[in-house]
Amino acid sequence: MNIFLKLLAFEFNRFKKGYLSLIGLTFTIQGVGLFFQSRSYLSKVEMLKEEGVSTQGILSQLGHFDLLNYTYSLWFVAPIMLGIVALLFYSVFIWYRDWLGKNTFIYRLLLLPAKRMSIYFAKLFTIFLSVLGLVSSQYLFLHVYKWLIPLIISEEFTQVQSIAQVIEQGAFMVFLFPKTLPFFFFAYLTGLMVLMVLFTLILFERSFHLKGILLATGYAGLSLFIYFSPAIYQLYTRIIFANSETFLWFSIMGIVLMGLSILVSNFLLTKKITV
Amino acid sequence: MIEVKQLKKKYGKRHVLKDISFQAHKGEITCLIGVNGVGKTTILKGIMNLTPLNGGMVEIDGKPLTSERYEDITFIPDTLTMMPSMTVKQSMDFMKDYYRSWNPKRAEDLLTFFKIKKEERISDLSKGNKAKVNMLLGLALDVDYLLMDEPFSGIDLFSREQILSVFSSHLVEDRGVLLTTHDLTDFETLVDKVVLIDDGQVVREFYTEEMRETEGKSVVDVMREVYQ
Amino acid sequence: MKRYGLLLLTIILFVSAFGWHYFSVEATHNQKPTFSYVTSRGNKEYVEKLKLVGSIYQPDNEYNQTNFIQKGEETLYEEDFPFLYQMDTVFYAHPSFQRLYENYPNFVKRKNYGNFLIETPETIVEASVDWEKQQSTSTTIQVEKFNKESEDIKKYTFNLPLDNPAEYSYLESIEVVENKLILFLTHVGENKWEDGMNTTAVELFVYQIDLETEKIVSAEPFLTQFPATEFPAETNVSALNSINGDEDYKQKENNLFLINHENEGETLTSIANYDSKDNRHTILDIKEEWIDSPTQQIYEGETLYLIEKEEAGFTVRVFNIETNKLETTLSVPLTAALMQNFNGEYVERGMRAAATNDLLYLVSTKSIQNGEDVTIVVVDLYTGQTVYEGTLEPDNLTDEWKPLDAEIQLIDIEE
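Residues numbered from 1 in each chain as written. Chains lettered and ligands numbered in written order. Predicted model: local features only at pLDDT ≥ 70, side-chain atom pairs only at ≥ 80, totals over all residues.

(A) A look at the overall build of chain C. In terms of regular secondary structure, chain C is built from six helices and 25 strands. Expressed as a percentage of contacts within chain C between residues at least 6 apart in sequence, the contacts between residues at least 24 apart total 49%. (Helix = DSSP H or I, 4+ residues; strand = E, 2+ residues; numbered from the N terminus. Contact = placed C-beta atoms within 7 Å.)

What follows is the structure, given as structure tokens:
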């Protein structure tokens, strides 16, 4: 446990630069975007005002400038996409960086006097906590934008929305903040499960190389089959599941896959891994 | 005692290790010798569970080797195992952090002995100094057994001499050393025991002193017999 | 400790951000808005009699019916991807199904998504075509009746005779009127022509089954000889709402069905009336353009109201079902600004309508999601005059109010 915590902090700090730049980049791009978008909106409003269009008329043409609308602009969405792509990339790179290059750090990690799964979990939670950190900072940024908009746009051209409403209806938001707390746990644990499967696939490749890619493909297929077996069953029998059943089924399948991934990863790391 | 029993290893259809058995004792320097590609490194990796074996087992003092026992045995591969971005100090701190058996005093002694600056980044080190840091990180652990893979390969003469002097110093005494090499020049006298490997098998296993006394042959003489 | 700094900071950030969010969501979860309106005398009155039903975001017809639960696969699940439909952002089963499941799990559990379920105050009735027993001369229907109070389940099998040989039969709609089950089925067969051409023959039949005597009371062709040359030609039949939700369960003379027939890219829409008392059915003499979207169709008793949205106001066509004639066309002029409130993302979703006491109520639903006042227009159906035009103010809307939770149904409004 002790070594795991140390390793987790170690891995997390290794990603520090990437993690902090992602947060910084998100805020910068979204902030700059907010500035440009609101400026272009205001200049359009001025143009229409000069033409003698009434406030009502301007609103019917341009609509309000509000946080909800802003979440649909590319300025807002692009950093989120970037974050997703970057974290996906790092989920793979976090393993390969220890094998690649002249100095093979994986030797050191594998020779640590602790269970080898500590390495796996340290890397896993590094990614997972980075995701949570990024999403949480996005939540704080939303509050900042909400506070900023009325300072830039005059009252009649904007509307106050609650953050809950923006999250409910905004672009991408429902994926980052699932509707309810139980669903939040469900969604993020499912994400963790996907990450665990991905790590297992990487370990297959690291253990068996070319043959490993084949085995990894097989494992990926098996995982998909296990996870979606309730849906396959549903398609086959045409039975409707109530929400609670759907929830239960996918929770069970998720737990099964997590367990399986841990077992397989442990086996690969302790018995099959090659440096 | 490190006891290696009937190790087997296949790469595809090629049997790299057919049946390797030998012992390495505490307080002795055991040398695995063989031409390049004979599987010496694979044996060390196999012992440390860094590559899967197709058969056989390894026991340390009569017990199977698990990762918890990496406090008692360590492996110094022929590449540096720290990240290039780290400094020598950071590398030492890392080891101190994770190994109870880390001996800070010995680490400092080694640092002075090798004349390496703590503040230097690993990526800036010369090849010889990298090898020395590598040696340092392993030797500063209070372990019973040290496995070294080609400790002298590709380094300059002076570094080689420095590292060689380590073997005759108090830094190694009482510990069991198992090392691999394909070139025994300069340190034949240091080696207590030799295991000659060819075609995936142990062809000869002998104590150097015994060999000199009973048959009047040096290790190189025996190597000639075997490999020519 | 220094090394754990960033890690701890991240955990604190995550716990506080998500805690803040979900705490505010949970705290306002059960908070539903009440509505008030300002009378012509200037008094603010709280509305209790006014109820609008249905999710404001998706006020499509399937939601706002109290007597209707599941309208076949086309409205509940995509046939081939039931799971993906559920995955789609909401991840939840159809709310009406969910409600049934929670109340009557013993019956609703393990129901197939292709089947029809219909709820009355005392029972839930399920009907499905038994594909395995399909014959060219008869179609087998499996029916299950669930008694809500005793939780008894009664099972029936009916063999419906076919006039013309059919290869497939599809259930289009079911209704329960007292103890009678009314089934609408399309039979799909083949016409073989002399020149070797085959065309699809589609017939829409209506069957009336007495569930007490277990006898088929009537079997009537409803529409025959569809202009179908290609298979599959799509026919969707959906029941129209009558206004007085609770009254629906009583003997209902007129049952209106909207029939959409799609063939080779063309859609023919018609409204049919099935008089369940004397088994009479009529295709109403309604012009295609009257029911082109965006319109809302509602009916009460003998009167069908077809409400069409215009640039500046509404056109309301009052159609008499009994005489099968258009009675009158009313024009309700409203300012373009006011009309804005009735334009939702989808035109038909921007409003609700109800008629009672010779008054027609038009309620905009679009503005609710923005937390704005709800526009309400009341029209006198005799004179066509707008007697009331004002706003309903969602009263306890807070900053964190979640509009999706609102459920309102327009039933009645008193002076």
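(B) Molecular detail of the overall build of chain B. Looking only at helices and strands, chain B features seven helices and 10 strands. Relative to the compact-globule value of 17 Å for 228 residues, chain B shows a C-alpha radius of gyration of 17 Å, a close match. Across its three principal directions, the C-alpha atoms of chain B cover 50 × 35 × 30 Å. For chain B, the proportion of its 228 residues judged to be buried stands at 38%. By sequence separation, contacts in chain B at least 24 residues apart represent 73% of the contacts at least 6 residues apart. (Rg over C-alpha atoms; globule rule 2.2 N^0.38 Å. Buried ≥ 20, exposed ≤ 12 C-beta atoms within 10 Å, placed from the backbone.)

(C) Seen up close, the pairing of strand E10 (residues 201-207) of chain B. Residue and element names in this part refer to chain B. Here six bridges tie strand E9 (residues 193-198) to E10, and the two strands are oriented antiparallel to one another. Residue Leu196 lies in a different strand from E10, and its bridge partner there is Arg204. Adjacent in sequence and paired antiparallel, E9 and E10 are bridged by two residues, among which Asp199 carries a positive phi angle near 55°. (Pairing = 2+ DSSP bridges.)

(D) Quick peek at the packing of helix H3 (residues 104-114) of chain B against helix H4 (residues 127-139) of chain B. All names here are of chain B. H4 packs onto H3 with a crossing angle of 160° between their chain directions and a minimal axis gap of 9 Å. In this view, H3 runs roughly antiparallel relative to H4, as classed from their interaxial angle. As H3 runs across H4, the sense of the crossing is right-handed. Where H3 abuts H4, its residues Ala107, Leu110, Leu111 and Phe114 lie against Lys132, Leu136 and Leu139. Of the residues in the contact of H3 with H4, the class split is six nonpolar, no polar and one charged. (Axes fitted to C-alpha atoms, helices over the stretch in contact; angles between N-to-C directions. Parallel < 35°, antiparallel > 145°, perpendicular 65-115°, else oblique. Left-handed = near helix turned anticlockwise from the far one by under 90°. Nonpolar A, V, L, I, M, F, W, Y, C, P; charged D, E, K, R; others polar.)

(E) Expanded view of the sheet that holds strand E19 (residues 313-320) of chain C. Residue and element names in this part refer to chain C. Taken in spatial order, the four strands make up an open sheet running E17-E18-E19-E20, and their pairing is antiparallel. Because the sheet does not close on itself, it has two edges, and the strands there are strand E17 (295-300) and strand E20 (325-333). In this sheet, adjacent strand axes meet at a mean angle of 20° when their direction is disregarded. Bridging between E17 and strand E18 (residues 303-310) involves six bridges; their strand directions are antiparallel. Paired with Gln297 across the bridge in E18 is Leu306.

(F) Inspection of the nonpolar core at higher detail. Ranked by internal contacts, the top residues of the largest apolar core, which has 118 residues, are Phe199 of chain A together with Ile33, Met95, Ala140, Leu147 and Leu178 of chain B. Among the elements that line this core, the one with the most residues is helix H7 (residues 117-152) of chain A, at 14 residues. Here this core spans two domains, since at least three of its residues come from each of domain 1 (1-170) and domain 2 (178-275) of chain A. With near-sequence residues (within four places) excluded, Ile33 of chain B lies in contact with Thr181, Leu184, Val194, Val195, Leu196, Ile197 and Met223 of chain B. Counting 57 residues, the second-largest nonpolar core is a separate cluster that includes Phe205, Ile259, Ile291 and Leu304 of chain C. (Core = buried A, V, L, I, M, F, W, Y, C linked by C-beta atoms within 7 Å. Domains from an automatic or database assignment.)

(G) Here's a closer look at the interface of chain B and chain A. Listed per partner, the contact involves 23 residues of chain B and 21 residues of chain A. Counting only elements with at least two residues in the side of chain B that touches chain A, the list comes to strand E6 (73-76) and helix H2 (88-98) of chain B. Split into classes, the residues belonging to the side of chain B that touches chain A amount to 13 nonpolar, six polar and four charged.

(H) Here's a closer look at the environment of Gln56 of chain A. On the secondary structure map, Gln56 of chain A appears in helix H3 (residues 55-62). A tally of 12 C-beta atoms within 10 Å means that Gln56 of chain A is categorised as exposed.

(I) Just unusual backbone geometry, in detail. Despite not being glycine, His209 of chain A shows a phi value in the positive range, around 55°. Summarising the element assignment, His209 of chain A is placed in helix H10 (residues 181-237). Backbone geometry at Asn324 of chain C places phi at a positive 60°, although glycine is not the residue there. Relative to the helices and strands, Asn324 of chain C is located in the loop between E19 and E20.

(J) View of the packing of helix H5 (residues 74-96) of chain A against H10 of chain A. Residue and element names in this part refer to chain A. One way to put it is that H5 packs onto H10 with a least axis distance of 10 Å and a crossing angle of 35°. Once H5 is placed against H10, the crossing between them reads as right-handed. Along its contact with H5, which presents Ser91, Val92 and Trp95, the element H10 presents Leu195, Leu198, Ile202 and Arg206. Looking at the contact of H5 with H10 residue by residue, the classes come out as five nonpolar, one polar and one charged.

(K) Examining helix H2 (residues 16-50) of chain A more closely. Residues and elements named next belong to chain A. With 35 residues, H2 should cover 51 Å at 1.5 Å per step; its first-to-last C-alpha distance of 51 Å lies within 8% of that length. Check the buried side of H2 and you find it contacts H3, helix H4 (67-70), H5 and H7. Among the residues trailing H2, Gly52 stands out with phi positive, at a value near 90°. (Expected span 1.5 Å × (residues − 1).)

(L) Up close: the pairing of strand E1 (residues 2-11) of chain B. All names here are of chain B. Here E1 pairs with strand E2 (residues 14-24) via seven bridges, running antiparallel. Looking at the pairing, Ile2 lines up with Ala24 of E2. Two successive antiparallel strands, E1 and E2, enclose a turn made up of two residues, where Gly12 displays a positive phi of approximately 65°.

(M) Layout of the confidence of the model for chain B. With 100% of its residues at a pLDDT of 70 or more, chain B has an overall mean of 90. Looking at the elements of chain B, mean pLDDT is at its lowest for helix H5 (residues 157-167) of chain B, recorded as 84, and at its highest for H2 of chain B, recorded as 95. (pLDDT = per-residue confidence, 0-100.)

(N) Region of interest: the environment of Ala220 of chain A. Relative to the elements of secondary structure, Ala220 of chain A occurs in helix H10. Judged by the 15 C-beta atoms lying within 10 Å of it, Ala220 of chain A is partly exposed.

(O) Representation of the confidence of the model for chain C in the model. Residues and elements named next belong to chain C. Mean pLDDT over chain C stands at 68; residues scoring 70 or higher make up 58%. Low pLDDT, under 50, characterises residues 29-92; the predicted model gives this stretch 129 contacts beyond four residues in sequence or across chains. Note that residues 396-415 has pLDDT below 50 and, in this model, 58 contacts with residues that lie over four places away or in other chains. Reported confidences for the modelled complex are a pTM of 0.77 and an ipTM of 0.91.

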